[in-house]
Amino acid sequence: MQKTKFLFLSIAVVLLSIQAAFGQVTGTVTDAEGIPLPGASVVLKGTTNGTTTDFDGNYSIEVASDGVLVFGYIGYRTEEVPVNNQSTVNVSLEEDASQLDEVILVGYGTQKKGEVTAAIASVDAEQLSIVQTSNTIDAVKGQVSGVDIQSSGGRPGQTSTVRIRGRRSITASNDPLYVVDGIPLIDGSATMSDINPQDIASIEILKDAAATAVYGSRGANGVLLVSTNRGKVGKTQVRYSSQVGLTSATRLVDMMNGEEFADLKRESRRSSWDGTIPPDNQVFLDPVELESIAQNRSTDWLDLVVGNGYQTNHQLGVSGGSENTTFNTSLGYFKEQGIISNQDYERFSGRVNIDHRINDIFKIGASFLITNSVQNWGSSATIGEALANNPLGVPYDDEGELLFLPTNDGIRTNPLNELVPDAYIDERKFTHIFAPIFLEIDITDGLQWKTTFGPDIRLGRRGQFRGSLTNDNRGGPGDASIDHLDISGYTLENLLTFDKAITENQNLKVTLLQSVQKSRTERSLASVTGIPYESQLFFNLGSADNSVVNSFLSEWTLNSFMGRLNYDINGKYLFQASLRADGSSRLAEGNKWDYFPGVSAGWRISEESFLTDTSISQLMLRASYGEVGNTSVAPYQTAGRLQGLRYAFGDNPALGFALSEIPNPALGWEVSKTLDVGVDFGVLNGRISGTVDWFRTNTVDILLNRSLPFTSGYNNILQNVGATRTQGLEFAVSAGIFDNEDGFSWKLDFNIAGYREEIVELALTDENGNPIDDIGNQWFIGEPIQVFYDYEKIGIYQADEVALAQSQEQKVPGEIRLNDLDGDGFITPDDRKILGTNTPDYYGGLNNRFSYKGFELGVFFYFRQGQFLQSNFNTGNNTLAGRYNNLDVDYWTIDNPSNANPRPDVDQEFPRSGSSLSYFDSSFIKLRNISLGYNLPGSITEKLGMQQLRVSISGQNLWFITDYETFDPEISEDEGDLGSDVVPSSKMYSLSLSATF
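What counts and what doesn't
Residues numbered from 1 in each chain as written. Predicted model: local features only at pLDDT ≥ 70, side-chain atom pairs only at ≥ 80, totals over all residues. Heavy atoms only, no water. Helix = DSSP H or I, 4+ residues; strand = E, 2+ residues; numbered from the N terminus. Rg over C-alpha atoms; globule rule 2.2 N^0.38 Å. Buried < 20%, exposed > 50% of the residue type's maximum accessible area, 1.4 Å probe, protein only. Contact = heavy atoms within 4.5 Å. Areas by Shrake-Rupley, 256 points an atom, 1.4 Å probe, with all protein chains shown as cover. Pairing = 2+ DSSP bridges. Axes fitted to C-alpha atoms, helices over the stretch in contact; angles between N-to-C directions. Polar contact = N/O pair within 3.5 Å; in protein donor to acceptor, adjacent residues only side chain to side chain. Phe/Tyr/Trp six-rings, centres within 6.5 Å; stacked < 30°, edge-to-face > 60°. Salt bridge = Lys/Arg side-chain N within 4 Å of Asp/Glu carboxyl O. Patch = residues over 30% accessible without salt bridge, like charges linked within 9 Å, V, L, I, M, F, W, Y side chains within 5 Å.

Novice: Which parts of the structure should I look at to understand the overall build of the chain?
Specialist: The helix and strand tally for the chain stands at 13 helices and 49 strands. A compact globule built from 997 residues would reach a C-alpha radius of gyration of about 30 Å, and the chain, at 33 Å, matches this within 12%. Across the 997 residues that make up the chain, the buried fraction comes to 50%. In the chain, once contacts between residues fewer than 6 apart in sequence are set aside, the share between residues at least 24 apart is 68%. As presented, the chain carries roughly 44,200 Å² of accessible surface, and 54% of it is formed by carbon and sulfur atoms.

Novice: What am I meant to see in the sheet that holds strand E2 (residues 41-44) here?
Specialist: Strand order in this open sheet of four strands is E3-E2-E5-E6, and the pairing throughout is antiparallel. Since the sheet does not close on itself, it has two edges, and those belong to strand E3 (50-52) and strand E6 (79-82), each with one partner. Ignoring which end each strand starts from, the neighbouring axes of this sheet average 20 degrees apart.

Novice: Help me understand the pairing of strand E39 (residues 787-790) in this model?
Specialist: Two faces belong to every sheet, and in a regular strand the side chains alternate between them. Of the two faces of E39, the one holding Val 787 and Tyr 789 and the one holding Phe 788 and Asp 790 are both buried throughout. The sheet contact formed by E39 and strand E42 (residues 833-837) spans four bridges and is antiparallel. Paired with Asp 790 across the strands is Lys 833, a residue of E42.

Novice: How should the pairing of strand E32 (residues 652-659) be read in this particular structure?
Specialist: Of the pairings in the sheet, the one linking strand E31 (residues 642-649) to E32 comprises eight bridges and is antiparallel in character. Paired with Leu 645 across the bridge in E32 is Gly 656. What sits between the antiparallel neighbours E31 and E32 is a turn of two residues, in which Gly 650 has the positive phi angle 70 degrees.

Novice: Would you mind showing me how to read helix H6 (residues 258-268) here?
Specialist: Working note: α-helix, 3.6 residues per turn, so residues spaced by three or four point in the same direction. Where burial is concerned, most of H6 is hidden: eight out of the 11 residues are buried. Restricting attention to buried positions, one finds in H6 the residues Gly 258, Phe 261, Ala 262, Leu 264, Lys 265, Arg 266, Glu 267 and Ser 268. Buried residues along H6 sit against helix H7 (280-283) and helix H8 (287-295). Its side-chain oxygen at 3.2 Å from the backbone nitrogen of Glu 259, Asn 257 defines the N-terminal cap of H6.

Novice: Could you clarify how one ought to interpret the side chain of Asn 664 in this entry?
Specialist: Its location among the elements puts Asn 664 in the loop between E32 and strand E33 (670-683). Polar side-chain contacts of Asn 664 include one of 3.1 Å to the backbone nitrogen of Ala 666. Only 2.8 Å separates the side chain of Asn 664 from the backbone oxygen of Leu 718, close enough to count as a polar contact. Once residues lying within four places of it in the same chain are set aside, the contact partners of Asn 664 are Thr 638, Leu 718 and Gln 719.

Novice: Where do I start with the packing of aromatic side chains in this structure?
Specialist: The geometry of an aromatic ring pair comes down to the distance between the two centres and the angle between the two planes. The final tally for this structure, using the stated rule, is 23 aromatic pairs. When the centroid spacing of 6.3 Å and the interplanar angle of 25 degrees are considered together, the rings of Phe 738 and Trp 746 count as stacked. A residue is classified by how much of its surface remains accessible, and Phe 738, at 43% relative accessible area, is partly exposed. Judged by relative accessible area, which is 23%, Trp 746 ranks as partly exposed. Both rings, one in Tyr 755 and one in Tyr 843, keep their centres 6.3 Å apart while their planes meet at 80 degrees; by these two values the pair is edge-to-face. One end of the pair, Tyr 755, is in strand E38 (residues 744-761); the other, Tyr 843, is in strand E43 (residues 842-852), with 88 residues separating them in the sequence. For the pair formed by Tyr 755 and Tyr 843, the shared burial category is buried.

Novice: Explanation requested: the environment of Leu 949 in the structure shown.
Specialist: Position of Leu 949 among the secondary structure elements: in strand E48 (residues 948-962). In contact with Leu 949, other than residues within four places in its own chain, are Tyr 934, Asn 935, Leu 936, Thr 941, Leu 944, Leu 993, Ser 994 and Ala 995.

Novice: Can you walk me through the sheet that holds strand E16 (residues 223-228) in this structure?
Specialist: To summarise the sheet geometry, strands pair through backbone hydrogen bonds and adopt either a parallel or an antiparallel arrangement. If you walk across this open sheet you meet the five strands as E10-E15-E16-E13-E14, and the pairing is mixed. The open sheet has two free edges, formed respectively by strand E10 (120-124) and strand E14 (183-184), since each of these has just one partner strand.

Novice: What's the story with the pattern of salt bridges in this structure? I'm lost.
Specialist: For side chains bearing opposite charge, pairing can occur when the charged atoms are close. Enumeration over the complete set of coordinates arrives at 48 salt bridges. Note that Glu 792 is salt-bridged to Lys 833, the shortest N-O span being 3.4 Å. Placement of Glu 792 in the loop between E39 and strand E40 (793-796) and of Lys 833 in strand E42 is noted, with a sequence separation of 41 residues between them. Glu 792 sits in the partly exposed class, given a relative accessible area of 24%. The partly exposed category is assigned to Lys 833, whose relative accessible area is 29%. Linking Asp 905 and Arg 903 is a salt bridge whose minimum nitrogen-to-oxygen distance equals 3.4 Å. Of the two residues, Asp 905 and Arg 903, neither departs from the other in class, the shared state being buried. Salt bridges sharing partners connect three or more residues here, namely Arg 165, Lys 207, Arg 622, Asp 676, Asp 680, Asp 693 and Glu 730.

Novice: Would you take a moment to explain a nonpolar patch on the surface for this structure?
Specialist: A cluster of nonpolar side chains, contributed by Val 599, Trp 603, Phe 610, Leu 621, Tyr 625, Leu 675, Val 677, Trp 694 and Leu 729, occupies part of the molecular surface with about 790 Å² of accessible area. Secondary-structure elements contributing two or more residues to the nonpolar patch are strand E29 (593-604), strand E30 (616-630) and E33. Considering the arrangement of structural elements, one finds Trp 603 in strand E29.

Right, dumping it as structure tokens:
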């Protein structure tokens, strides 16, 4: 009995001791300025016991008297504070200068930046605001190593081409996947232009296959994860920004004036290369030309059609929220009037992002975007006619009315007719609705379920009208068309995440995904000719004759499952593995599913004890491997589609159907396999930080059309044949060269990247099965995907080379001399060579930011070096026949033995071997942006009732260096080559104001 009483007494004492050892601790978490931090985490070290602060930064937690509390908040340094029997513990957190604890998107989740083991780059809102542009993607240009963004021309609203780590596919798409607020966009890069850049909080670029493997069959070309601004707990904040800029052509080309053209035309009529020039009355048969020569009159057609434009951008936003509900709303208006009068782009956008925590378990949220954009594309003939028109012609008659034909040459029309209001219309209107909603369920501590549903609807209408007096119709009846393109779809995803410390030193995170995405594209087209009255434009097609009606439907579905595991030991040794399974309706039965693995590992060497007391704040070695697909197989392509064929059935016309392609049930995705090794570094407490990456990507099962014999009835069949390899090196560094908050500061960001791509295998093989070149398509084993294969010009045949010109090429002096590579004395197809490629040797950007007492100066350079360009601009506007105007070039004559350009010849509308004049080194360095801003001091903004007020002036594309003399050497590879219909790029001077209340 005594022993029992003693036992109960001992237990009671232990329980009382335990109760005494634990107690309630309360306090407040603030930033360095004493502002409360709502939502900060408070955790008892070594356990999963924790809580978060309320709206006022207050918390309450039950902990042991000798425990240690760990306080954390995104963007701030983690603090550990011993309790030491205290009942109140207040903490002030400092901002994390190293940014290693910054949380970034990694695809279906987030991760601390310092713990990312894959190749992922991040661009924040401040970087996106450097360049004022309508297109978010264009704002990223030059700011991320390994991300090559190329302009498609100078038309307002024109999209850019994005290549992440070069190209992998020969004929399929090399465009990346775009994911906005967790939902993959169905219409890719075109849809990104609908998103206001000022609505974006950050963009993460997933570059290696280990990072993109979670997106499976769509990750081969990289992934851009876009996160839009969301509300924060705190008082309501109102933001307004405004920008107005004036634009003009960055550079125009030097075309011949009237006198120079007249000399060219005279020379082109010389009786032979060393003969005589006829008198003017035999050279100039058009009275307009003779009159212009007599009056010394010359028309600068390019100057008449290219003028000044403007750009304006306004944004109003309201954000804020309580402890349970946060919101962010914005309205935006953007308008760019092009430097050609009938080209412009206008966009209205509205966004509402809202998040609401129902209770400790459930949280819901929505992102609603609606945009309406109108792009007036303008006539492609405007620039082409301005370049080619005879400068001796005149644009107006004696009464000041426009002439349709400036000379008696019926080919060249007056480009000003294309700019007459309502004469030529190409109006492209889009309405975009994108509205992801989500439900989060905190099942237990560390276990979360998230369901996201994202409808994506883009409704497009293209209306075209071409009047009688336009280059298209040349006095004939007008024509019009309406093209409706409606793209709709949705994504439904269920995500289960387990994230917990399994021991004091080990953390485990498991992510499981089930996803389905569906897309539907409908297109209907109606076109007519013979418009009875032109004022109806394209709004009354039924009144015209000769109508054509067409329609189209395409649907596809993608079902997916994904699992990912993240594991770390002490935050030093990091591991990640993932596997995604994709099943697609685009592929044939028995071949619909494919699997895409990814693994990566990292060693945070800076966390080791031997680097604790050094200046190295971050040093991580990482490596990854992954396999991803390219989903560029069109719906129904494996089934064999039908096409209509008209034929004669006896004496009667009939309509039949035949296969338009041979079905291939074995068709699958291209698969890219990437190995990446990288180093992340930071020294001087993060004052200098950066990354270095080496990668190699092998792409197999390339989608190529294999040629078939004509006897089969088909030209080719699409098969998985061929392979490519891309490998490269990337480097990026950020440095705070001077960092004085009260004085002068200088921050520098620099990135550079280069890669080598090569074709490894093609559809063609020799008798031994070895891959061989496909010269017809200019595809060569061991060479980049796109090369320029042609004869090489080495000069012009001179007057003392009559016999040589005749024997080698059956030419005469004054004509292009080609390189006889094999030395056989004749120019044959064997003398062709690879002249170059549009793949750059290296590319990147340099951004400098200087600040001093409220003033900020930014200077941003963008460069691309070592790439070639094929320019139809230079061949199409250098005909030397004396019929159309010409680039002001140094051409050969008997009195001017130049080696630059051949002699003018009326009998050769295009010089023989003229394509050899079209290849140029298009390397360039651009001053992408220079800006000077001033932040008004707090003493002034407080009196105005504002939190912040900033004014700035800036200039864009003001200067560039290049050896290539045209409008702009920067041109997208998607354009194929630089033709004369490309609109000049523009430079801009702008004034901006932003205020926060």
